[in-house]
Amino acid sequence: MNATAQTEVIKDSSMLLQKTMIAENYDELTSVQETGKKVSATFVPGNLNELVMCFDMLNNLPEINAINNGMRKKSGMMVMQAEKMGHSEDVCTYVKADIGSMSRGNIAPNGKPMPPPDLLLLSYTGCFTFMKWFELLRHEYGCETAMLHVPYEGDGIVTQNMRDYVVKQIKENLIPTLEKVSGVKFDIDRLRENLRHSAKAEDDFVWVLESAKNKPSPIDAYFGGVYYIGPIFTAFRGTEKAVDYYKALRKEIEQRIAEGKGPITPEGDMKDERYRLVVEGPPNWTNFREFWKMFYEDGAVVVASTYTKVGGVYDLGFRHDPDNPIETLADYCLGCYTNRNLSQRVDMLEKYVNEYQADGLLINSIKSCNSFSAGQLLMMQEVEKRTGKPGAFIETDLVDPRYFSAANVKNRLESYFQMIEQKRQGARSAA
Amino acid sequence: MSTAEIIARCQALYDDLDFTSAREWKNADPKRKVIGYMPVYVPREIIHAAGMLPLGILGGGDQMEVIHGDAYYQSYICRIPRSTIELGLTKKLDFVDGMLFPSICDVIRNLSGMWQLMFPDTYVRYFDVPQTYQDHIAGEYYIEELKELMAGLEKLGGVTITAEALRESTAIYNENRRLINAVYDFRAKQPSKAPSVEVYLLMRAGMVLPVEEHNQVLTDYLAAAAEEERPLRDNCKIVINGAFCEQPPLNLIRSIEMAGCYIVDDDYMLINRWLLDDVPLEGDPIANLSAAFLHASADTAAKYCDRAEDVGQYLLSTVKKTGAEGVIFTAPSFCDPALLERPMLADRMDEHDVPYISFKYAENSGQMQPIREQAGTFADSIKLWS
């Protein structure tokens, strides 16, 4: 095939709907000078969108901006720019892409400059780097910062003390700060309404994730999954738009199941499901499509992933609860995937391998992300031991293209698929 | 006792990766328990009040070959967790009854989970501390966390930690902090009389010795060092920042000084100086420890700085207090907290015309020539141009 030829990327209608939603959101963000709306910058894990919306504020997510820049092949220069400014080559590339983007005008995907935040809402949930990231942003912007410290589930449980601490911070620090920055008084009924929308969307979202238990799976829960988490992990959770999106997505997947189809890929429907995998770790964004292709061209579908739980672990039962509006926000933050200890993460992976009838666990270990990566080799050993299914390990990065080695990743994946085949043959011979 | 004799004992403790002195302490009474802790801070007063020995675990240094530990970590993760795993798997910590993993970064946080999975018979606690500082919110949370730690130790040791025992332990650690500050003050005033390698080894001894013994060692050293005459070099005075977790090899500390830089302050074992003032002995001892943490504790990259104007002020005040002429930012490779914070600290130093350099190390770094050259050039530039 001609390497320069551009083939048309095939997308489901839900993907197109989401594209429109995201474009509208960027237009809204880049029009605040005209609309006078205030902007809060915050993170995906521990994202309090329902609360922020009570103050007519917009949510801007630096991680998502870095991902956008990664997928549009712009992050490499930004990372290097930040390194020239004195940021270490060893630290998180989301941070460096964000800082590098600022130094280059912070241009949104619609070509307009991103507004500076009026508030840095630091939800310190499951990632140490978040804390220093927002100190760095405060250093640059000099704007108001509100800290929400979410204790880590070191013992695998949420104690009443941990929950009370988060609730008190929301009530006594966050809400007054949001009122001050926005000039809007807090209305708890408005929060309840937003939470109702969240819970509805979460029901359909979980249904979609669990549809991967079908054979063939109608979705790819990692590469496709990053599209499916888009609205609920970002600026749309708690909106009617998100409810409508997940309703439409669910219908689309119901149709796929009825037609016996596999997942959508950029090259159309995946025909032959040969390997069912569980994946731990975030994807690489700079070579996202190339990475995805290594899977679908070999018939590998991801049936469950942990990355799609960083913004909330809904498939284990959590739903935003309008009857306990502040407490539910605390529970949400405390339960995000990377705020769970290693035992809990291993339990989840074991459950996924078993319940989704996967052939094994693949770990995409991300250089930038110690929150995910530290301990993954032990996690793989544990899951292998408990499930009897083979594990494999690849290494890439989030948005630094220097750390994506296509040949290495492909070699490892091909070896892994061969290993799964050999295991199958061994099982057949034994039978 | 001479400084040489004192330091020889500290060096032996430092070199002993089998932790013989802590083993001997434990073996003296079958009821005794040893609680390991990693950087950067745990309230040792509580462990002491339970009749247990707090034992600082600071990795394997440059003398231990890491074989098993490397199998658990990717190349882009710092060395201290892999050498700590090595210590665990080679049974060098088999006498340790509990391990505390303080809130410092995601790697040490996740190491707590690894320890739970790998050593299920050991008491393991991820020791979370508040990153906000209001008494009625963070204080209440932290007091409960301290009580949970107490309850865990009580269960482990079959003991009750009384308020009186806590007050006594607090008094002993107050004394320890006073002596440690006295050593630091002595070195800042007369750095030629307290070489940094000696000060470092003295502080490391406090990681393994019972605090009462450490207090005696510090007292002896202060007396001996004041008496001894040593040659004064034409060195500049610098502060070390960023080395609060994975420790540099001794040769690195020595090299900096030999290259022309007297180290007049550092953050090597910050736990020794974490609480800045005496902790009050009156009232509720747990509430006092909480208030000390919230309002009078050292600043480091592992903590959230809640006011932009305060970022870097602690380092700046250290520079001013010690009369330092520059800062060496020296962080372990892949150390998220130190490396993320460094640009902000560097900007603060720029604002106040404090010269600085930066480099990275690992606990097993062996090649010192580039560091000597960099530190030497830095010292020369300060002498010639500052």
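Residues numbered from 1 in each chain as written. Chains lettered and ligands numbered in written order. Predicted model: local features only at pLDDT ≥ 70, side-chain atom pairs only at ≥ 80, totals over all residues. Heavy atoms only, no water.

1. Some thoughts on the overall build of chain B
Point 1. In terms of regular secondary structure, chain B is built from 14 helices and eight strands.
Point 2. Over its C-alpha atoms chain B spans a radius of gyration of 20 Å, differing by no more than 12% from the 21 Å that the globule rule assigns to 386 residues.
Point 3. Judged by the C-alpha coordinates and their principal axes, chain B covers about 60 × 45 × 45 Å.
Point 4. With 386 residues in all, chain B has 65% of them scored as buried. (Helix = DSSP H or I, 4+ residues; strand = E, 2+ residues; numbered from the N terminus. Rg over C-alpha atoms; globule rule 2.2 N^0.38 Å. Buried < 20%, exposed > 50% of the residue type's maximum accessible area, 1.4 Å probe, protein only.)

2. Notes on the overall build of chain A
Point 1. Secondary structure summary: chain A contains 18 helices and 10 strands in total.
Point 2. Relative to its length of 431 residues, chain A is compact, with a C-alpha radius of gyration of 21 Å against a globular reference of 22 Å.
Point 3. By principal-axis analysis of the C-alpha atoms, chain A measures approximately 70 × 50 × 40 Å.
Point 4. When the accessible surface of chain A is summed, it comes to about 15500 Å², and 48% of that surface belongs to carbon and sulfur atoms.
Point 5. Both charge centroids of chain A, one from 51 positive and one from 59 negative side chains, sit 2 Å from each other. (Areas by Shrake-Rupley, 256 points an atom, 1.4 Å probe, with all protein chains shown as cover. Lys, Arg positive; Asp, Glu negative; His and termini not counted. Charge placed at Lys NZ, Arg CZ, Asp CG, Glu CD.)

3. Side note on the packing of aromatic side chains
Point 1. Going through the model one piece at a time under the given rule, you end up with 42 aromatic pairs over all chains.
Point 2. Between F43 of chain A and F130 of chain A the ring centres are 3.8 Å apart and the planes differ by 10 degrees, which places this aromatic pair in the stacked class. A residue pair is termed long-range when its members are at least 10 positions apart, and F43 of chain A in the loop between β1 (39–41) and α3 (49–53) and F130 of chain A in helix α7 (residues 128–141) qualify at 87 residues. In terms of burial, F43 of chain A and F130 of chain A fall into one category: buried.
Point 3. Where W274 of chain B meets F293 of chain B, the ring centres are 6.1 Å apart and the plane angle is 25 degrees; that geometry is what we call stacked. You can see W274 of chain B sitting in the loop between β6 (261–265) and α11 (285–295) and its partner F293 of chain B sitting in helix α11, a full 19 residues away along the chain. (Phe/Tyr/Trp six-rings, centres within 6.5 Å; stacked < 30°, edge-to-face > 60°.)

4. Points about the interface of chain A and chain B
Point 1. Counting residues at the interface gives 56 residues for chain A and 57 residues for chain B.
Point 2. Taken together, both faces of the contact between chain A and chain B bury some 4700 Å²; the carbon and sulfur share is 55%.
Point 3. Between the two partners, chain A and chain B, sit five salt bridges.
Point 4. Across the pair E341 of chain B and K132 of chain A runs a salt bridge whose closest N-O atoms are separated by 2.7 Å.
Point 5. At the boundary of chain A with chain B, the tally comes to 32 residue pairs in polar contact (both at pLDDT 80 or more). (Contact = heavy atoms within 4.5 Å. Buried area = accessible area lost by both parts, 1.4 Å probe. Salt bridge = Lys/Arg side-chain N within 4 Å of Asp/Glu carboxyl O. Polar contact = N/O pair within 3.5 Å; in protein donor to acceptor, adjacent residues only side chain to side chain.)

5. Focus: the confidence of the model for chain A
Point 1. Across chain A, pLDDT averages 95, with 98% of residues at or above 70.
Point 2. Below a pLDDT of 50 lies the segment residues 1–5 of chain A, which in the model reaches zero contacts outside its immediate sequence neighbourhood of four places, other chains included. (pLDDT = per-residue confidence, 0-100.)

6. Considering the side chain of S368 of chain A
Point 1. For S368 of chain A, the position within the fold is in the loop between β9 (360–366) and α16 (370–373).
Point 2. In this structure the side chain of S368 of chain A is engaged in a polar contact, spanning 2.8 Å, whose partner is the side chain of D397 of chain A.

7. Quick word on the sheet that holds β9 of chain A
Residue and element names in this part refer to chain A.
Point 1. If you walk across this open sheet you meet the four strands as β8-β7-β9-β10, and the pairing is parallel. In this open sheet, the two edge strands, each paired with only one partner strand, are β8 (300–305) and β10 (391–396). Each neighbouring strand pair of the sheet contributes to a mean axis angle of 35 degrees, computed without reference to strand direction.
Point 2. The pairing of strand β7 (residues 275–280) with β8 spans five bridges and is parallel. Each residue of the ladder has a partner; that of V279, found in β8, is S305.
Point 3. Of the strands in this sheet, β7, β8, β9 and β10 touch helix α18 (residues 406–430), which is tilted by about 175 degrees from β10. (Pairing = 2+ DSSP bridges. Axes fitted to C-alpha atoms, helices over the stretch in contact; angles between N-to-C directions.)

8. Comments concerning the sheet that holds strand β1 (residues 34–37) of chain B
Residue and element names in this part refer to chain B.
Point 1. The strand order across the open sheet formed by four strands is β2-β1-β3-β4, and the pairing between neighbours is parallel. Where the open sheet ends on each side, the last strands, each with one partner, are β2 (53–56) and β4 (123–127). Within this sheet the neighbouring strands show an average axis-to-axis angle of 25 degrees, counted without direction.
Point 2. Sheet topology places strand β3 (residues 98–102) next to β4; five bridges connect them, and they run parallel. Its bridge partner being in β4, P102 is matched across the sheet by F127.
Point 3. The sheet contacts of helix α6 (residues 135–157) involve β1, β3 and β4, and relative to β4 the element is tilted by about 170 degrees.

9. As for the pattern of salt bridges
All names here are of chain A.
Point 1. Taken as a whole and judged by the stated rule, the model has 63 salt bridges over all chains.
Point 2. Here E50 ties to R237 by a salt bridge, and the two come within 2.7 Å at their closest N and O atoms. Note that E50 is positioned in helix α3 and R237 in the loop between α11 (230–233) and α12 (240–258), a separation of 187 residues in sequence.
Point 3. Assessed through its relative accessible area of 0%, E50 is described here as buried.
Point 4. Residue K385 is joined to E382 by a salt bridge in which the shortest nitrogen-to-oxygen separation is 3.1 Å. With K385 and E382 both in helix α17 (residues 376–387) and three residues apart, this pair spans about one turn of that helix.
Point 5. Through salt bridges with shared partners, a single ionic network connects D12, R256, E259, K261 and D269.

10. Points about helix α9 (residues 211–227) of chain B
Residues and elements named next belong to chain B.
Point 1. Compared with the 24 Å implied by 1.5 Å per residue over 17 residues, the 25 Å span of α9 between its first and last C-alpha is a close match.
Point 2. For α9, the complete set of buried residues consists of V211, H214, N215, V217, L218, Y221, L222, A224 and A225.
Point 3. Where the residues of α9 are buried, they touch α1 (3–15), α3 (44–49), α7 (163–189) and α8 (196–208). (Expected span 1.5 Å × (residues − 1).)

11. Section: the packing of helix α1 (residues 13–29) of chain A against α12 of chain A
Residues and elements named next belong to chain A.
Point 1. Where α1 meets α12, the axes come as close as 9 Å, and the angle between the chain directions of the two elements is 165 degrees. Our classification of the angle between α1 and α12 gives roughly antiparallel. Crossing of α1 over α12 shows left-handed handedness. Judged by residue contacts, S13, S14, L17, Q18, M21 and E24 of α1 engage K241, A242, Y245, A248, L249 and E252 from α12.
Point 2. Class assignment of the residues belonging to the contact of α1 with α12 gives a composition of six nonpolar, three polar and three charged. (Parallel < 35°, antiparallel > 145°, perpendicular 65-115°, else oblique. Left-handed = near helix turned anticlockwise from the far one by under 90°. Nonpolar A, V, L, I, M, F, W, Y, C, P; charged D, E, K, R; others polar.)

12. Section: the environment of S317 of chain B
Residue and element names in this part refer to chain B.
Point 1. Tracing the chain through its elements places S317 in helix α12 (residues 313–322).
Point 2. Using a relative accessible area of 37% as the deciding quantity, one classes S317 as partly exposed.
Point 3. Linking S317 and G242, residues 75 residues apart in sequence, is a C-alpha distance of 16 Å.

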